[in-house]
Each structure stands twice: as C-alpha cells, then as structure tokens.
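Here is what each chain is made of, one letter per residue.
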Amino acid sequence: MNTLLFPVILAGGKGERFWPLSRKDRPKQFLSLDGSSRSLLQATANRLIELGGRWDSLWVITSSQIAEGVRQQLPDLPVANLLIESEGRDTAAAVAWTSLEIKQRYGEDAVIGFFPADHWIADQEAFAHTLSAATQLAASTAAIVTLGIKPTFPSTGYGYIEQGEKIGSFNELPAYHVNRFTEKPNRETAETFLSTGRFSWNSGMFVFRAGVVLKELHTHAPEIIEPLEQHGPDIYPQLPKKSIDYALMEKTTLAYVLPVDFGWDDLGDWNAIERLLKTEENPNVELATHVGLDTQGAIIYASNPEDVVVTIGLEDVVIVRDRNVTLVVKKERTQEIKQILKILQSDSRFTDLL
C-alpha cells in the first residue's frame, strides 16, 4: 500500500521550560538544541519531507505571534498550508481545524499525521518505517493510531499507553488496541507499568483518516468541532481549551498503538540536553565557553560565544546565559521555571525578559 500521508506540524507551543533561551519572539521550536545548525522546527519539517519529498503535502499550524517566524524558518512551505491560530486553544482545536481543512481539499479518506515541532528523533529510517506502518493501519481501518515509545526508564514526566489486544501487524510492526491512557504517574506506578511490558510512553504523535477523526470529534468533542464547522476559524477564541488526549484519545474506542523504538525525546526542559549530548569524557554538557573547577553534572549554555561562564564547586545545576538574563537552577527543579515566569509577568520591570 502506497498511501500518501499528509503530515501536520503542531508548532504553537511556547517552550517556557527552556527560558531564558526560549522567549515570546523566539519559542523553543525556533531553537537549535542538539548542537546542529537546524532549529527543532526545521529538523521536524525535513524529517517529514524526507518521507514523501513534497512540501505541498506538509502542513503547519501555529500561533499568530510566531507565524512570521515560521515563514522565515520554512520558506518552502506553501502559504495555504500554514494555518494561523488567532489564539492558542490547545491541541484538540488544532487537530479539528487542520483535519477540516485537509478533508475539504483532499477528501475524508486523506490520511493525516500530527507531529509536535519539538521532538528529537535519532533513527530516520526506523521513523519512516514506523510512519509507513501507521499510515497502512489508518488507511485500512477506522483507527486513530498513536505512536507509543518503548520506555527506557520509569519516567514520571510522560503519559503512558496500555496496549490491549493485538489486531495484526503492519509493515512488520505489531499493532494493538489501546486499553487506556494514563497521565504522568508517580514513580512506583511507572515502575509497575514497565514491569508488565504492556505500556508505552505517549509520544503525542497521531495518524488517522480525516473522516474518522472528524466523526469521533462529533461524538466526543462536539463543543469544538461543531462551532468550527458552522463558523470557521473566526470562532477560534471562543473554543474550549482542551488537549487532544483529554478531548478525544481518552474517550474513543478507535485508539490503536504501535509500540516503536527509533530513539526519541520530547525535549521538555533543559535536562533533555544532557540526555542528547552527555559524553563519558566530559563531566558536564557545555554549549558555552566554560572554565570550571570541581564542577560536574552541569548543563551550561551561553548564546553569545564571547561570554565566559566560570564555575567553582557546583554539581547537578543548569546555567543558561542569554542576552540580559542568567538562569541558575538545580537540575531537579527545572520544571519550576514556569513559576518564575509567572513572577516575572506580574512585574512590569521584567516585561522585556519574557
């Protein structure tokens, strides 16, 4: 089966946990965080283009605040394939609107894949093999296919998918009906999940036919799909703010999972840099000019190569120097960067730091 996949990049996020490097005018998807010269958005687009080699089949949905940046990052993307949200309403609205647009242009049997803009994939060949399997399953079955990442440790930061009955193999990959989705569990629960061998991490990547997902949205999220059908994107600011997981995936009986392993990270915060770039030769991850004494387990980043970061006796910290801000935080507390941003937002002195 050689069914065309229409990939959609979800590029509306803010990436606040990568502040101060990620800011309103330069969100995470515009950053290069893996030591390469390509931004996360460019790497995602190139990865998806390599599947079919056509820019006219690629779509991007993003916010009005960064739409011009997306155009600059992806100059080959057709203007009509860039959907601009007047106001961010989370992923359920993004999936609904894009699916409606693709159905209108290509019909209800068009196979659509949704991919966050900020994922890192190690093995492009294995990724392409997986997407071919997911496309085959979605084209032949009334299925909402999710890619489940084989877990490598009992993470408490990811959602989990429990696989149920096996329904067959596609492109030599086994596919299973989804028993349930579980949001970020505690450590003990995550360890139990791994011990069963039935659970995958929820990657946030989905593949389905336009008509299938729109029908399921009518059943489980009419408050999102019906206003969009009746009024178009002008109604966007009035739509409820819900994730596609909450609005649909946790409710549908058509969810299927392909447990896959192609080297993956969702680059959720600064600690992800260590997972990508840590080497045995260096006690720290250094993306800066760093002079250290008795410093280990540190992640050090400076956007200006002329800035020098000097450390003495530090352990397990993140240090980020960007423009007029220096962040120093323990690695175990990087999730709290969002709380600092709320403090900065409440003080007019710090508006230009956001």
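Residues numbered from 1 in each chain as written. Predicted model: local features only at pLDDT ≥ 70, side-chain atom pairs only at ≥ 80, totals over all residues. Heavy atoms only, no water.

A. How the structure looks around the sheet that holds strand β14 (residues 299-302). The mixed open sheet is built from four strands, whose spatial order is β12-β14-β16-β17. The outermost strands of the open sheet, each flanked by one partner alone, are β12 (285-287) and β17 (325-330). Recorded for the sheet is a direction-independent mean angle of 5° between the axes of neighbouring strands. Pairing of β14 with strand β16 (residues 317-322) involves four bridges; the strand directions are parallel. Bridging from a neighbouring strand, Ile300 pairs with Ile319 of β16. (Pairing = 2+ DSSP bridges. Helix = DSSP H or I, 4+ residues; strand = E, 2+ residues; numbered from the N terminus. Axes fitted to C-alpha atoms, helices over the stretch in contact; angles between N-to-C directions.)

B. Inspection of the pattern of salt bridges at higher detail. Scanning the model with the defined rule gives 19 salt bridges in all. When the shortest N-O distance is used, the salt bridge between Arg321 and Asp307 registers 3.6 Å. With Arg321 in strand β16 and Asp307 in the loop between β14 and β15 (308-312), this residue pair connects regions lying 14 residues apart in the sequence. Using a relative accessible area of 28% as the deciding quantity, one classes Arg321 as partly exposed. The closest approach of N and O atoms between Asp322 and Arg323, which form a salt bridge, is 3.4 Å. (Salt bridge = Lys/Arg side-chain N within 4 Å of Asp/Glu carboxyl O. Buried < 20%, exposed > 50% of the residue type's maximum accessible area, 1.4 Å probe, protein only.)

C. Expanded view of helix α5 (residues 187-196). Its side-chain oxygen placed 3.3 Å from the backbone nitrogen of Glu188, Asn186 serves as the N-cap of α5. One or two positions beyond α5, positive phi appears at Gly197, with a value near 75°. (Polar contact = N/O pair within 3.5 Å; in protein donor to acceptor, adjacent residues only side chain to side chain.)

D. Representation of the side chain of Thr334 in the model. Among the structural elements, Thr334 can be located in the loop between β17 and α10 (337-345). Residue class for Thr334 comes out buried when judged on its relative accessible area of 1%. A polar contact of 3.1 Å, which involves the side chain of Thr334, links it to the side chain of Asn271. Excluding its chain neighbours within four sequence positions, the residues that come into contact with Thr334 are Arg17, Asp269, Asn271, Val318 and Val329. (Contact = heavy atoms within 4.5 Å.)

E. A look at the nonpolar core. Residues Ile9, Leu258 and Phe262 are the most contacted members of the largest nonpolar core, which totals 45 residues. No other element matches helix α4 (residues 124-140), which puts six residues into this core. Filtering out sequence-adjacent residues up to four positions away, Leu258 remains in contact with Thr130, Ala133, Ala134, Val145, Thr146, Leu147, Gly148, Leu173, Pro174 and Ala175. Formed by 43 residues, the second largest nonpolar core is a distinct cluster that contains Ile102, Leu217, Ile224 and Leu228. (Core = buried A, V, L, I, M, F, W, Y, C linked by side-chain atoms within 4.5 Å.)

F. Molecular detail of the packing of aromatic side chains. Taken as a whole, this structure holds 13 aromatic pairs when the rule is applied. Note on Trp201 and Trp264: the rings are 6.3 Å apart at their centroids and 45° apart in plane angle, and the pair reads as tilted. Pair noted here: Trp201 is in strand β9 (residues 199-209) and Trp264 is in strand β11 (residues 264-265), with a separation of 63 residues, a long-range link. Trp201 gets classed as buried once you look at its relative accessible area, which sits at 3%. (Phe/Tyr/Trp six-rings, centres within 6.5 Å; stacked < 30°, edge-to-face > 60°.)

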